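Structural overview
The lines below spell out each chain.
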Amino acid sequence: MKRNRIAVIGLGRFGQALATEAQKNSIEVLAIDRNESLVNDIADQVSEAIIADCTNPKAISAIDWQQFSTVIVAIGSDIKNSMMAVILLQEAGVKNLWCKVQDRYHAALVSRMGVQKVISPEEEMGRRAGRHLRHPDMLQQMQLTENQYVAEIKIVNIVEQRSFMSTIKSQDLILLAIKLKKQTEFEMAREIPSRFYPGDKVLVMSRTREGFTWPTLLS
């Protein structure tokens, strides 16, 4: 098994984005779809792209799935075809199987079938939009473990060091890195500037189960 080789089945917008981004990050990608035009669109952006119907047992048996560390079923728009592909891949011995789902019903079904990861892009986008409404200065957030989150925060107004550190302490946050507006990259937070200005950014980690409750820094 190659640790940096994956297969992506279904080349809609999500499948194409996942496949091309993985390839950019030095992961070898086999992209698969039964639609010839979609395969042709991505062929020069991934290691290999083939036309195949992965709801067909013959197509599944023609591929050596053991060469992949992960297989992602990205047929999210057709629940029946998605589930059929999952069943056939499990029968073929795929151990690390991810599946993009259309809704909670789809998610519940594939979860019971034992897939290792359920991906719901629409639900995640909804969560991100909701978080952005609550915290417009939070550029992005990532969950590390059940109780740990990391967020990139944009400073929206002038903030004195004392006020900033008070917020860090009151919210039980850990300051990881700082990127001042004039800088091109984040740097470890060894020294805290006496004042933050609009355009500066910070990377912080939360240790609370509920995630971030970061107050917008408007003053």
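Residues numbered from 1 in each chain as written. Predicted model: local features only at pLDDT ≥ 70, side-chain atom pairs only at ≥ 80, totals over all residues. Heavy atoms only, no water.

A word on the confidence of the model for the chain. Summing up the model confidence of the chain, the mean pLDDT is 84 and the portion of residues at 70 or higher is 81%. Across residues 215-219, where pLDDT falls below 50, the model places 20 contacts with residues more than four positions away in sequence or in other chains. (pLDDT = per-residue confidence, 0-100. Contact = heavy atoms within 4.5 Å.)

Here we take up the packing of aromatic side chains. Counted under the stated rule, the structure contains two aromatic pairs. Centroid distance Trp-65 to Phe-68: 5.9 Å. Interplanar angle 50 degrees. Geometry classified as tilted. Note on accessibility: Trp-65 and Phe-68 belong to one class, buried. Between Phe-164 and Phe-196 the ring centres are 4.4 Å apart and the planes differ by 40 degrees, which places this aromatic pair in the tilted class. With Phe-164 in helix α7 (residues 161-170) and Phe-196 in strand β12 (residues 195-196), this residue pair connects regions lying 32 residues apart in the sequence. Accessibility classification places Phe-164 together with Phe-196 in one group, the buried group. Over the ring of Trp-98 we find Lys-117; its NZ or CZ atom is 5.7 Å from the centre of that ring. (Phe/Tyr/Trp six-rings, centres within 6.5 Å; stacked < 30°, edge-to-face > 60°. Buried < 20%, exposed > 50% of the residue type's maximum accessible area, 1.4 Å probe, protein only. Helix = DSSP H or I, 4+ residues; strand = E, 2+ residues; numbered from the N terminus. Lys NZ or Arg CZ within 6 Å of the ring centre and 35° of its normal.)

What follows is about the environment of Pro-198. Structurally, the position occupied by Pro-198 is in the loop between β12 and β13 (201-206). Under the relative-accessibility criterion, Pro-198 is labelled partly exposed at 36%. Along the chain, Pro-198 and Val-156 lie 42 residues apart, while their C-alpha atoms are 4.7 Å from each other. Each residue touching Pro-198, except ones within four places of it in the same chain, is listed here: Ile-155, Val-156, Asn-157, Ile-158 and Lys-181.

A word on unusual backbone geometry. With phi around 65 degrees, Ser-26 is a residue other than glycine that occupies positive phi space. Turning to its location among the elements, Ser-26 is positioned in the loop between α1 (13-24) and β2 (28-33). Classification of Ser-26 by relative accessible area gives exposed; the value is 61%.

In this section: the nonpolar core. Membership of the largest hydrophobic core comes to 25 residues, with the highest contact counts inside it found for Ile-9, Ile-32, Trp-65, Val-71, Val-73, Leu-89 and Leu-97. Looking at this core, the elements with two or more residues in it are β1 (2-9), β2, α3 (57-61), β4 (68-73), α4 (79-91), β5 (97-100) and α5 (104-112). When residues in this core are grouped by element, the largest group, four residues, is from α4. Leave out the neighbours within four places in its chain, and Trp-65 touches Ala-7, Ile-9, Ile-32, Cys-54, Ile-60, Val-71, Leu-89, Ala-92 and Val-94. (Core = buried A, V, L, I, M, F, W, Y, C linked by side-chain atoms within 4.5 Å.)

Per the counting criterion, the structure on display carries five salt bridges. As a salt-bridge pair, Arg-195 and Glu-160 come within 2.8 Å of each other at their nearest N and O atoms. Note that Arg-195 is positioned in strand β12 and Glu-160 in strand β9 (residues 159-160), a separation of 35 residues in sequence. Using a relative accessible area of 35% as the deciding quantity, one classes Arg-195 as partly exposed. A network of salt bridges, in which partner residues are shared, links Arg-5, Glu-28 and Glu-48. (Salt bridge = Lys/Arg side-chain N within 4 Å of Asp/Glu carboxyl O.)

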